[in-house]
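Listed below, chain by chain, are the residues.
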Amino acid sequence: MKGDVLVVGSSPAGISAAKAAARAGANTILIDRDLGRFNHPANTLFEGMASRMNDVAYKSHIRHRLKGMRIISPRGSSICVDGEGYFLDREGLDGHMLREARESGVTQLRCEAVGSRLEGGLRYLNTTDGELGPGLVIDASGVDATIARGAGLSPMRHPEDIAWAFEATVEWPGLGDEEYFEYWIGSISPGWKATFSPGGGDIATLGVFVRGYGRQVQPFFRRYLRHFQRYKAERYGEVEYPKVISVSMGGDPIATLPGEIAGNALMVTGGAAGQSGLAYSMRAGEICGSLAAKAIKSGDISIGSLRAYEKRWWAEFGMEYRLGRASLETLRSMSDAEIDRLIRGLAGRNLMAGGGQLRKAISAGLNVASIMPSLPIGLIRRMMNG
Ligand SMILES: Cc1cc2nc3c(=O)[nH]c(=O)nc-3n(C[C@H](O)[C@H](O)[C@H](O)COP(=O)(O)OP(=O)(O)OC[C@H]3O[C@@H](n4cnc5c(N)ncnc54)[C@H](O)[C@@H]3O)c2cc1C
């Protein structure tokens, strides 16, 4: 079968998909309405996540190394979870990934996809620069997934649970030299977290990721900024507000799950498919791109054939994502007082002892159960309900 792989979105998932498809021999085109403008917000990666992907390009784009994360309760109790992490130079990393994709044979175009149509089992992609294809379209355009939705797919389960984010890059003397990522939970940022990620020197990012309050979450950010300043006054003394250098907004599908991510001559990957996070979406893109090329070679790009991608993704990541969603739902159900009690109880314990991810999860679960026995049971029930 002759046909192109047409990837929409130079997101980490999109670039990884395009690169994998081209390396597996498919004629591949990657389009993005902002190609090369480098405006993606995600910058922090922990080794536990990074180890899930094959691509190690991030290692040459580390701006600041982290020793772990501090989880902070509404009243300021905290626990430390050690683990290597990185604040990345996203612009450098994206440039690197695009260059590698080009060298692998991926054609890159700056234009916007506006829809697609299926004819004779092949898909044409309509863009602001005319029609591309026919071939197999991969939608990697982020949480709105306009191409997949336009083609009638619902690529994400629980889209109402996208966490809407407002994140600012800030400057404050010495702030970026801290070594722990901070993760605030409770009503300061309902449904998920407020974050502090030190980026080296005077630079850091501060953000809120909120579920259940719509896309406009700046009011939570303003409140968090005041809270953060008071919290840091202990360490830095009375200081001016951090100077905001730039802001970004967007959706993070952390608490969603992939839905229909394969259609006729259509696949969905990354945030568009509810596959949240830099590392995880890059690995998902890699699986997607290599299976796209394989399907083209086999001459069958019907939904029946492309479902191999769904199966492969669920086999590799399904359990982790279900656990992640159930944990965030459990957290959402807790009051600030309960979160305080839990974090106070966990302080000073070796929360995640043990080698592999599973042993760490069991260790964390046992620690939590010793303070609030009903929590792990609720979590397992939520996992079963998906
Ligand atoms: C503020 C914020 C901070 C985050 N921080 C982190 C973090 O520190 N670590 C982490 O692991 N994850 C983080 N995440 C989650 C992470 O960004 C995503 O899960 C991950 O990067 C996957 O990207 P994506 O698939 O959502 O695509 P996006 O990064 O949203 O990229 C989609 C691309 O598609 C293009 N596009 C969209 N529509 C079209 C169209 N119609 N035609 C052409 N091009 C189009 C866009 O221009 C864009 O380049 C964060 C998310 C947000 C919102």
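Not measured: the values here are computed from a predicted model.

Chemist: I'd love a proper account of helix α1 (residues 12-23), names of residues and values included.
Modeler: Compared with the 16 Å implied by 1.5 Å per residue over 12 residues, the 16 Å span of α1 between its first and last C-alpha is a close match. The element α1 is extensively covered by neighbouring structure, given that 11 of its 12 residues are classed as buried. Within α1, burial applies to P12, A13, G14, I15, S16, A17, A18, K19, A20, A21 and A22. Looking at the packing, one finds that the buried side of α1 touches β1 (4-8), β2 (27-32), α3 (90-103), β9 (130-139) and α6 (278-298). G25 sits one or two residues past α1 and shows a positive phi near 100°.

Chemist: Quick one: what's the story with the sheet that holds strand β3 (residues 44-46), residue by residue and with numbers?
Modeler: Here 8 strands make up an open sheet; going across it, the order is β3-β5-β4-β12-β13-β14-β11-β15 and the pairing mixed. Strands with a single pairing partner mark the edges of an open sheet, and in this sheet they are β3 and β15 (243-252). For this sheet, the mean inter-axis angle between neighbouring strands, taken without regard to orientation, is 25°. In this structure, strand β4 (residues 62-72) lies alongside strand β5 (residues 78-88), joined through 9 bridges in antiparallel fashion. Looking at the pairing, I72 lines up with S78 of β5. Sheet strands in contact with helix α5 (residues 218-236) are β11 (163-171), β13 (193-198) and β14 (203-210), and its direction is about 130° off that of β14.

Chemist: Explain the site of the ligand to me, and be specific about the residues and the numbers.
Modeler: Not every one of the 37 residues close to the ligand is listed here, only the nearest: G9, S11, G142, G270 and G271. Of all the secondary-structure elements, those providing two or more residues to the shell around the ligand are α1, β2, β3, β11, β15 and α6. Counting residues per element, the shell around the ligand draws most heavily on β15, at 4 residues. Of the residues assigned to the shell around the ligand, the class counts are 13 nonpolar, 18 polar and 6 charged.

Chemist: Tell me about the packing of α6 against helix α7 (residues 303-332), residues and numbers included.
Modeler: Close contact between α6 and α7 brings their axes to 9 Å; oriented N to C, the two are set at 150°. Taken together, α6 and α7 sit at an angle that is classed as roughly antiparallel. As for the relative orientation of α6 and α7, their crossing is right-handed in sense. Contacts from Y280, A284, I287, C288, L291, A295 and S298 of α6 reach α7 at S305, L306, A308, Y309, R312, W313 and F317. For the contact of α6 with α7, the residue count by class is 11 nonpolar, 2 polar and 1 charged.

Chemist: Account for the nonpolar core, with residues named and values stated.
Modeler: Counting residues in hydrophobic clusters, the biggest one holds 101 residues, and the most contacted among them are V5, I138, V208, M267 and A292. Looking at this core, the element that brings in the most residues is α6, giving 12 residues. Excluding residues that lie within four positions of it along the chain, V5 makes contacts with A21, A26, T28, G135, L136, I138, A292, A293 and I296.

Chemist: Tell me what's going on with the pairing of β13, and back it up with residues and numbers.
Modeler: Within β13, 6 of the 6 residues are buried, which leaves the element mostly enclosed by the surrounding structure. A two-sided burial pattern is seen for β13, the buried positions comprising K193, T195 and S197 on one face and A194, F196 and P198 on the other. Bridge count for strand β12 (residues 180-184) against β13 is 3 bridges, and the pairing is antiparallel. Residue W184 lies in a different strand from β13, and its bridge partner there is A194. Taken together, the 6 bridges between β13 and β14 define a ladder with antiparallel strand orientation. Considered in β14, the bridge of P198 is made with A204. Between β13 and β14, which pair antiparallel and follow one another directly, the connecting turn spans 4 residues, one of which, G200, has a positive phi of 95°.

How each quantity is defined
Residues numbered from 1 in each chain as written. Predicted model: local features only at pLDDT ≥ 70, side-chain atom pairs only at ≥ 80, totals over all residues. Helix = DSSP H or I, 4+ residues; strand = E, 2+ residues; numbered from the N terminus. Expected span 1.5 Å × (residues − 1). Buried ≥ 20, exposed ≤ 12 C-beta atoms within 10 Å, placed from the backbone. Contact = placed C-beta atoms within 7 Å. Pairing = 2+ DSSP bridges. Axes fitted to C-alpha atoms, helices over the stretch in contact; angles between N-to-C directions. Near = placed C-beta within 6 Å. Nonpolar A, V, L, I, M, F, W, Y, C, P; charged D, E, K, R; others polar. Parallel < 35°, antiparallel > 145°, perpendicular 65-115°, else oblique. Left-handed = near helix turned anticlockwise from the far one by under 90°. Core = buried A, V, L, I, M, F, W, Y, C linked by C-beta atoms within 7 Å.

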